[in-house]
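The primary structure of each chain is shown beneath.
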Amino acid sequence: MLPQENAWTHARRERDRIMEDAMLVAYAVAAIMGNKEDEISENEAKKLYDAGWLKDRTQRGLLRFSRKGATSKSAKIYSRFEIESLKRAEKNIENSYQRAMQKMEEMQRKTLKTS
């Protein structure tokens, strides 16, 4: 890969990261202001995010929901900010893990070359 291509790829990744950050800030502002735009129904959340992922993270206590009404049969409402924050955290952890594995592989290759 040419250095210039690498720079453009890096620029695209950085642009995407900034846009994701901006959306996260927008969701945070909506949540703080008590804006309805932060609220997402369980059905809508299942459409936007994997239903299994949503159920798993809720059972693990990583996501919370509130009820639209007073009864236990009322619709579940999630926070977009909370969901997006968790998705971002998981993505960051996975990226860190992949970088660590790449560094470990590089070190192993160097060790094998010197042996």
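An account of the accompanying structure is given in this report.

Rules of the game
Residues numbered from 1 in each chain as written. Predicted model: local features only at pLDDT ≥ 70, side-chain atom pairs only at ≥ 80, totals over all residues. Heavy atoms only, no water. Helix = DSSP H or I, 4+ residues; strand = E, 2+ residues; numbered from the N terminus. Rg over C-alpha atoms; globule rule 2.2 N^0.38 Å. Buried < 20%, exposed > 50% of the residue type's maximum accessible area, 1.4 Å probe, protein only. Contact = heavy atoms within 4.5 Å. Areas by Shrake-Rupley, 256 points an atom, 1.4 Å probe, with all protein chains shown as cover. Lys, Arg positive; Asp, Glu negative; His and termini not counted. Charge placed at Lys NZ, Arg CZ, Asp CG, Glu CD. Core = buried A, V, L, I, M, F, W, Y, C linked by side-chain atoms within 4.5 Å. Phe/Tyr/Trp six-rings, centres within 6.5 Å; stacked < 30°, edge-to-face > 60°. Lys NZ or Arg CZ within 6 Å of the ring centre and 35° of its normal. Arc of directions from axis to C-beta.

Bringing the overall build of the protein into the picture now. In terms of regular secondary structure, the protein is built from four helices and three strands. In the protein, the succession of helices and strands from N to C terminus is α-β-α-α-β-β-α. Against the globule reference of 13 Å for 115 residues, the protein gives a C-alpha radius of gyration of 20 Å, more extended than a compact globule. Going through the 115 residues of the protein one by one, you find that 19% of them count as buried. Considering only intrachain contacts with a sequence separation of at least 6, the fraction spanning at least 24 residues in the protein is 58%. Approximately 9300 Å² of the protein is accessible, and the part contributed by carbon and sulfur atoms is 56%. Put simply, the protein has 24 plus and 18 minus side-chain charges, and the middle of one group is 3 Å from the middle of the other.

With respect to the secondary-structure elements, Thr58 resides in helix 3 (residues 51-59). Apart from the residues lying within four places of it in its own chain, the contact partners of Thr58 are Leu63, Phe65 and Tyr78.

Attention now moves to the nonpolar core. Grouped together as the largest cluster of nonpolar side chains are nine residues: Ile40, Ala45, Tyr49, Trp53, Leu54, Leu63, Tyr78, Ile83 and Leu86. Setting aside anything within four residues of it in sequence, one finds Trp53 in contact with Leu63, Ile83, Leu86, Lys87 and Glu90.

Another aspect to go through is the packing of aromatic side chains. In total, this model carries two aromatic pairs according to the counting rule given. Pairing Tyr49 with Trp53 gives two aromatic rings, centres 6.3 Å apart and planes at 35 degrees, and the pair type is tilted. On the basis of an interplanar angle of 55 degrees and a centroid distance of 5.8 Å, the ring pair of Phe65 and Tyr78 is categorised as tilted. Here Phe65 is found in strand 2 (residues 65-67), whereas its partner Tyr78 is found in strand 3 (residues 76-79), with 13 residues between them in sequence. Above the ring of Phe65, the side-chain terminus of Lys76 is found at 4.6 Å from the ring centroid. In this structure, Lys87 is placed above the aromatic ring of Trp53, and the distance from its NZ or CZ to the ring centre is 4.5 Å.

Side chains of residues three or four places apart in an α-helix project in the same direction, reflecting 3.6 residues per turn. By the burial criterion, the buried members of helix 3 are Trp53, Leu54, Arg57 and Thr58. Projected down its long axis, helix 3 shows its buried positions confined to an angular sector of 125 degrees, all on one face. Every exposed residue of helix 3 that faces more than 90 degrees away from the buried side is listed here: Lys55 and Gln59. Looking at the packing, one finds that the buried side of helix 3 touches helix 2 (42-48), strand 2, strand 3 and helix 4 (80-114). Positive phi appears at Gly61, one or two residues downstream of helix 3, with a value of about 85 degrees.

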